[in-house]
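Chain and residue survey
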Amino acid sequence: MGSTLKRRAFLQMAAAAGVTAPFVRTAAAAGDTATIGWPNDVPSWDPNQRFTPDAQPIFKAVYDQPLDQDAQLKLIPHLIKKWELAPDATSMAVELRDDVTFHNGDKMNAEDFRYTFLERIKSGVKLDTANSWKKVEDIVIESPTKATMKFNAPNPTAPQWMAFLGSYMVPKKYIESGGLENFQKKPVGTGPYKLAEYELNSRIVLERNDQYWGPKAKVARVTIQIIKDPSARVAAIQSGQADFTLNVPVREVQRFQSQSGFAAELNPITRVILLQVRADLNFADENVRLAAHHAIDKAALSKAFYGGAAVPLSVVATPGSPGYLPDFTFKFDPDLAKALLKKSGHGPDNPVKIGLAATNGQFPSDYDIARAIVQMWKKVGIDADLQVIEYAKYFELNRASKLPEATLYSWDNATGDPEIFSGYLLNPKLPFSAWKDEAVGGRILKLFNVADYNARVAGYREVERFAVEQGATIPLLQSVLTVVRKRNLQYTKYGNGWVLPQTLQWS
Amino acid sequence: MLVTVAQLVARRLLAAVLILFVVSALLFCVLRKLPVDPAAMSLPTTATIAEVEAKRHEMGLDRPLPEQYAIWLTDALHGDFGRSIQFGRDAGSLVAATLPATIELAGAAMVLAAILGLGGGLLLFHLRGTFVEAVADLASILLLSIPEFLWGLILLFVFGVVLQVLPFTGAVSPNLPQPHVTGFLLLDALWVGRLDVFASALRHLILPAFALGLAFSPAIMRVLRSSLFDVYHEDYIQQARLRGLSERQILLRHALKNAALPTLTLAGVQFGILFSGTLLVELIYSYPGMGNLMVDAVRNADLPLIQAIGLTYCVAVLLINTVVDSLYLVLNPKLRVR
């Protein structure tokens, strides 16, 4: 009572001084608007320019992709209503919708499709899509709604990439007439929202596109506040300055779960936490690699750092994704680990020395997980020297093959497709694979050219198991997305962690 | 007096050119020696080793360091500070877009620090010889020991979360537009006649400005108090007493003017540090200034942007010191007779 009276007196004084304003949202306003506390700004409003996973949900509000994924990550028609990949995967015929208009009123057609995936890439503009669509040799336009993509090599995951990073339809006429700079300042897409306002590193205001060809968004105006600090995001939702936020510490989710008025969630997503390993140095010995894997108690890591919500993995694929093997388990067995090490002349009294690299703060609990693993290894006879590396440094070290024996890494794959899981992580020709050998790498390379979807997925399932049994990779956990929202603000939960503004709804 | 001030400013400008040259060279070399790869960072993560090498060659990163610096300097003198790796935009335009917000925040914080420093210093001096003096002294030391980012968190928690009386994210309320005329939000709001936007922007400025002001005012308080102690031993103070002036008149009309000079020198140094202190405070309050941009740049190893922002901070500190030294000349007639 005393503190309530003091608070009341303070509020009265502050109101008299004219410096306060209550942040009470009226019921009518709550239904029309929502504020999301978001961890990062978009790098640019050109959605083809940079591959930034955090920006994809925002881009998907303003732009559309040729194909889309449902909440279970199944590939579904979107701007493309029909597609057919050739049996040899060297071409893909598409049929576009004829009822789509850009926000400026221009009708979308196959010219825009050709422009997005061929012309602007070939024009030399610096776009990350130049890398993902480098196999596109030509796009033949057959009609305003029909076109065929021609690839210079088999491209079996072309449909998946149509729903993945950077693949958003952009308006040819608007960009060519107004210029790229104008497009970046005043972006125009076909999405369920229009960009109403943008302040760098501050906020993004979206207003519903009432001429949208698909289901209209329920919330008319969404404000995305860029709040980079996780504690500040927690404070924003706690104080009511945000209605929804994500990527907050796990312990905060657990705290909010006991507070009325909030819904706090730990949602498993298609992101894998794993140890990337080398085939040489002190990991050249298969016994040492397998011992390192058997020594890790993944359930304990999940319980300690993710409240038990992160699913332990035995393959580099998440439950529900096509490449996942539900019947295969690589067991936690420290005694077996010791036995394997003993075969190679090592043990707790004569430990094998290896290096372990990890980031600190790149993903939740990364450094803590690394330290826990070091302790688990110590018990069986592996002495790991933990080195902290910056995320930016990881790519440089990996390309130059300078990573230590093991590196803790987090890999996001919004499509769930196995090529973008183990295909990328174990392909010796791509910069992600620390493991370089013919046994695993050779199989992976062959799968990149398999056009038949079922054969490709079956091949990946086989090589994933093989890779783990060889000690070529050490999957750890399926990562989780932390979400805290006002209880009456609903949204659609996507298996890949997308939080799409167009799925928000006040109940 | 104006001539003397103009001469000072001219000398400082000449010195600034040399200082900026040295700072830019140092910054350039240090950034190039960091264990990051700007070529790799500017490409998608799917880029192969061959593509990264080609990019490195395109960016001139395989050239000798002095040659790289010479190219950068030539471009910078033409207003081209390079292209941000993360944003894909001209680094200079990014700095220009965010600098006004930092200037507003730093300016407000400097005013608060000056008021709190002046008021606190006078209060500490007034309490001399009383039983409260020790408590006040301890309080000032306690204030001195709390850095700006800790003040930021404390004020956010108390006023933003517990009491919920002040906003702590962004520069203006989500439901209000942000006008763009000069880039200075307070000025722009008045310019377009939106008093609601002005009031909201002012409310959003309160907590971050106080976080900085509270952190930098204790040093000013303590130096002012020490200066007043020194000044009060001078003969003219005794003469003023003999003339029948009250203690209040002596303090404010005679002692303060002379004690302000060393305080002003310290304030100049403090304000220079305060400007760079906006970085962490902007991050905590999601304030869209240059500091927030710098955090992004460092996280993404965006070397052109780090370089541009670093130089801007250098210019700001030089400017602040020049202004303070000019004020020093204005307040101290003895320095003008040379």
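Residues numbered from 1 in each chain as written. Chains lettered and ligands numbered in written order. Predicted model: local features only at pLDDT ≥ 70, side-chain atom pairs only at ≥ 80, totals over all residues.

Summing up its helical and strand segments, chain B has 13 helices and zero strands in all. Its helices and strands taken in sequence order, chain B reads α-α-α-α-α-α-α-α-α-α-α-α-α from the N to the C terminus. C-alpha extents for chain B along the principal axes are approximately 85 × 55 × 40 Å. Scored against the burial criterion, the 338 residues of chain B give a buried share of 39%. Partitioning the contacts of chain B with sequence separation of at least 6, the portion at a separation of at least 24 is 72%. (Helix = DSSP H or I, 4+ residues; strand = E, 2+ residues; numbered from the N terminus. Buried ≥ 20, exposed ≤ 12 C-beta atoms within 10 Å, placed from the backbone. Contact = placed C-beta atoms within 7 Å.)

Tallying secondary structure elements over chain A gives 18 helices and 18 strands in all. For chain A, whose C-alpha radius of gyration is 25 Å, the value lies close to the compact-globule estimate of 23 Å for 507 residues. Dimensions of chain A, computed from C-alpha atoms along their principal axes, come out at roughly 75 × 75 × 35 Å. The proportion of buried residues among the 507 residues of chain A is 51%. The contacts in chain A between residues at least 6 apart in sequence include a share of 71% that link residues at least 24 apart. (Rg over C-alpha atoms; globule rule 2.2 N^0.38 Å.)

Here the focus is helix H9 (residues 195–231) of chain B. All names here are of chain B. Over its 37 residues, H9 extends only 45 Å from the first C-alpha to the last, a length that falls short of the 54 Å expected when each residue adds 1.5 Å. Maximum bend of H9: about 35°, positioned at Ile206, with proline Pro208 one to four residues after it. Most of H9 is tucked away: 28 of the 37 residues are buried. (Expected span 1.5 Å × (residues − 1). Bend = angle between axes of the 7 residues up to and from the residue.)

A few words now on the sheet that holds strand E7 (residues 146–151) of chain A. All names here are of chain A. Spatial ordering of the open sheet is given by E4-E5-E7-E6, a layout of four strands whose pairing is antiparallel. Of all the strands in the sheet, just strand E4 (80–85) and strand E6 (136–143) have a single pairing partner and so form its edges. Here the average twist between neighbouring strands, direction ignored, is 20°. Of the strand pairs in this sheet, E4 and strand E5 (residues 91–96) are connected by five bridges, and their pairing is antiparallel. (Pairing = 2+ DSSP bridges. Axes fitted to C-alpha atoms, helices over the stretch in contact; angles between N-to-C directions.)

Bringing the packing of helix H11 (residues 247–284) of chain B against helix H12 (residues 290–299) of chain B into the picture now. Residue and element names in this part refer to chain B. Running from N to C, H11 and H12 cross one another at 85°; their axes reach a closest spacing of 7 Å. Classed by the angle they form, the pair H11 and H12 counts as roughly perpendicular. Across the interface between the two elements, Thr278, Leu279, Glu282 and Leu283 from H11 touch Gly291, Asn292, Met294 and Val295 from H12. Classifying every residue of the contact of H11 with H12 by side-chain character gives four nonpolar, three polar and one charged. (Parallel < 35°, antiparallel > 145°, perpendicular 65-115°, else oblique. Nonpolar A, V, L, I, M, F, W, Y, C, P; charged D, E, K, R; others polar.)

Right, let's talk about the pairing of strand E12 (residues 262–277) of chain A for a bit. All names here are of chain A. Pairing between E12 and strand E16 (residues 473–486): twelve bridges, direction antiparallel. Looking at E16, one finds that Ile273 is bridged to Leu477. Bridge analysis of E12 against strand E15 (residues 406–412) gives seven bridges, and the strand direction is antiparallel. Paired with Ile273 across the strands is Ser410, a residue of E15.

The interface is formed by 43 residues belonging to chain B together with 44 residues belonging to chain A. Those elements that place two or more of their residues in the side of chain B that touches chain A are helix H2 (38–41), helix H3 (49–58), helix H5 (91–126), helix H7 (148–162), H9, H11 and H12 of chain B.

The next point concerns the confidence of the model for chain B. Residue and element names in this part refer to chain B. Here chain B shows a mean pLDDT of 87. Residues at 70 or above account for 98%. Ranking the elements of chain B by mean pLDDT puts H2 last, at 75, and helix H8 (residues 185–191) first, at 95. Across the interface, the model reports ipTM at 0.84; the global pTM reads 0.87. (pLDDT = per-residue confidence, 0-100.)

This part takes up the sheet that holds strand E10 (residues 221–226) of chain A. As a general point, the strands of a sheet are linked pairwise by backbone hydrogen bonds and lie either parallel or antiparallel. All names here are of chain A. Here we have ten strands laid out as an open sheet, ordered E8-E9-E10-E1-E11-E16-E12-E15-E13-E14, and mixed in their pairing. Either end of the sheet is taken by a strand with one partner, and the two such strands are strand E8 (193–199) and strand E14 (382–388). Adjacent strand axes in the sheet meet at a mean angle of 25° when their direction is disregarded. With six bridges joining them, strand E1 (residues 33–38) and E10 adopt parallel strand pairing. What sits directly across from Trp38, in E10, is Ile226.

Residues and elements named next belong to chain A. Pairing analysis gives seven bridges linking strand E13 (residues 352–358) to E14, with the strands arranged parallel. What sits directly across from Gly355, in E14, is Asp385. Once you follow E13 into helix H14 (residues 366–380) and on to E14, the crossover reads as right-handed. (Right-handed = clockwise from strand over helix to strand, strands pointing away.)

Residue and element names in this part refer to chain A. Contact pair helix H12 (residues 298–306) / H14: the axes reach a minimum separation of 11 Å and the direction vectors enclose 145°. Read as a crossing pair, H12 and H14 show a hand that is right-handed. From H12, Leu301, Ala304 and Phe305 reach across to H14, where they touch Asp368, Ile369 and Ala372. Residues belonging to the contact of H12 with H14 are distributed by class as follows: five nonpolar, no polar and one charged. (Left-handed = near helix turned anticlockwise from the far one by under 90°.)

What follows concerns helix H4 (residues 110–122) of chain A. Residues and elements named next belong to chain A. The terminal C-alpha atoms of H4, which comprises 13 residues, lie 17 Å apart, in line with the 18 Å expected from a rise of 1.5 Å per residue. The principal kink in H4, of about 45°, is found at Thr116. Turning to H4, its buried residues number three or more, namely Ala110, Asp112, Phe113, Tyr115, Thr116, Phe117 and Arg120. Those residues of H4 that are buried lie in contact with E5, E6, E7 and helix H7 (172–178). Note on H4: the residue one or two positions beyond its end, Gly124, has a positive phi of about 95°.

Quick look at the confidence of the model for chain A now. Here chain A averages 91 in pLDDT, while 94% of its residues score no lower than 70. Note that residues 1–6 of chain A has pLDDT below 50 and, in this model, zero contacts with residues that lie over four places away or in other chains.

Positive phi values are uncommon outside glycine, yet A:Asn247 reaches one of about 50°. At B:Ala301, a residue that is not glycine, the phi angle is positive and equals roughly 50°. Positionally, B:Ala301 belongs in the loop between H12 and helix H13 (303–331).

Secondary-structure assignment places B:Leu279 in helix H11. Beyond its immediate chain neighbours, meaning those up to four positions away, B:Leu279 contacts B:Gly291, B:Met294 and B:Val295.

What follows deals with the environment of B:Pro100. Residue and element names in this part refer to chain B. Tracing the backbone through its elements, the reader meets Pro100 in helix H5. Separated by 84 residues in sequence, Pro100 and Phe184 place their C-alpha atoms 5.2 Å apart. With near-sequence residues (within four places) excluded, Pro100 lies in contact with Gly183 and Phe184.

Further remarks concern the environment of A:Leu408. Residues and elements named next belong to chain A. Summarising the element assignment, Leu408 is placed in strand E15. Exposure remark for Leu408: the 23 C-beta atoms within 10 Å place this residue in the buried category. A sequence separation of 135 residues divides Leu408 from Ile273, and the C-alpha atoms of the two residues are 7.3 Å apart. Ignoring anything within four residues of it in the chain, the contact list for Leu408 reads Leu275, Leu356, Ala358, Asp366, Ile369 and Ala370.

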